[in-house]
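Chain and residue survey
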Amino acid sequence: MRGLIALIIAAPIVVVVPLAGNAQDRDAAFRNGLSAFQSGSFVRARDVWEGLAKAGDARAQAGLGFMHYTGRGVPRDAARAAELFDRAANQGEPTAQLFLATMHFRGDGLARNLPLALMWLELAMAGGQPETFALRGAIMQHMTDAEREESARLLARWRATNATNGPRP
């Protein structure tokens, strides 16, 4: 789990920039929120990320999801975390995909759904998440052949849908 946190909590920067603007401004704003999060200023991080998340920034959605999942700076709310992770994951954000896989596998904030857990995990794995390998084995151990086949169908459908939609903001 520490590796997951490290992926969300990357290099800090302490410049405050407006939420609107070009991608460089949004990136700087995200990093400002990240810096606040890393320093324990959870309210400031939440304030920055909420604006970005509403504007569709997948990293901010994943960051807010993590805050709700762990109860840092906000009340722990697995259902809200799942909503935020879902929005980010559907934009291709691998950390959010990994958290959704974990939540579906454990039935934490979401109904336990092994085919969805494996689908999100495969996407996170393709996105470069190293923590996926151990979890993949655990999920596969609990699945039937029919569930594996369903997961493959879900994955193919997700990829086909997202390939035609193109990149999102």
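Preceding this paragraph is the structure being described.
Because the structure is a prediction, the values reported are computed rather than measured.

Attention shifts here to the pattern of salt bridges. Under the defined criterion, the tally for this structure stands at 10 salt bridges. With its nearest N and O atoms 3.9 Å apart, the salt bridge here joins Arg-46 to Glu-50. With Arg-46 and Glu-50 both in helix 3 (residues 42-54) and 4 residues apart, the pair spans about one turn of that helix. You can call Arg-46 partly exposed: its relative accessible area is 21%. For the salt bridge of Arg-148 with Asp-145, the shortest nitrogen-to-oxygen distance reads 2.9 Å. Within this pair, Arg-148 and its partner Asp-145 are both found in helix 9 (residues 145-165), separated by 3 residues, close to a single helical turn. Look at Arg-148 and you get partly exposed, because its relative accessible area is 27%. We classify Asp-145 as exposed; its relative accessible area is 56%.

The next point concerns the nonpolar core. Among the nonpolar cores identified, the biggest contains 46 residues, and Trp-49, Leu-52, Phe-85, Met-103, Met-119, Trp-120 and Ile-139 are the most heavily contacted of them. Contributions of two or more residues to this core are made by helix 2 (23-38), helix 3, helix 4 (58-70), helix 5 (78-89), helix 6 (94-106), helix 7 (114-126), helix 8 (132-142) and helix 9. Here this core gets 8 residues from one element, more than from any other, and that element is helix 7. Discounting chain neighbours no more than four positions away, the residues touching Trp-49 are Phe-30, Gly-33, Leu-34, Phe-37, Ala-60, Gly-63, Leu-64 and Met-67.

The next subject is the packing of aromatic side chains. The tally for this structure, following the rule as stated, stands at 9 aromatic pairs. Considering the side-chain rings of Tyr-69 and Phe-99, the 5.6 Å spacing of their centres and the 70° angle between planes classify their relative orientation as edge-to-face. Placement of Tyr-69 in helix 4 and of Phe-99 in helix 6 is noted, with a sequence separation of 30 residues between them. Counting every residue linked through ring pairs, the aromatic cluster contains Phe-30, Phe-37, Phe-42, Trp-49, Phe-66, Tyr-69, Phe-85 and Phe-99. The ring centre of Phe-30 lies 4.3 Å from the NZ or CZ of Arg-59, which sits over that ring. The ring centre of Tyr-69 lies 5.0 Å from the NZ or CZ of Arg-76, which sits over that ring.

What counts, and where the lines are drawn
Residues numbered from 1 in each chain as written. Predicted model: local features only at pLDDT ≥ 70, side-chain atom pairs only at ≥ 80, totals over all residues. Heavy atoms only, no water. Salt bridge = Lys/Arg side-chain N within 4 Å of Asp/Glu carboxyl O. Helix = DSSP H or I, 4+ residues; strand = E, 2+ residues; numbered from the N terminus. Buried < 20%, exposed > 50% of the residue type's maximum accessible area, 1.4 Å probe, protein only. Core = buried A, V, L, I, M, F, W, Y, C linked by side-chain atoms within 4.5 Å. Contact = heavy atoms within 4.5 Å. Phe/Tyr/Trp six-rings, centres within 6.5 Å; stacked < 30°, edge-to-face > 60°. Lys NZ or Arg CZ within 6 Å of the ring centre and 35° of its normal.

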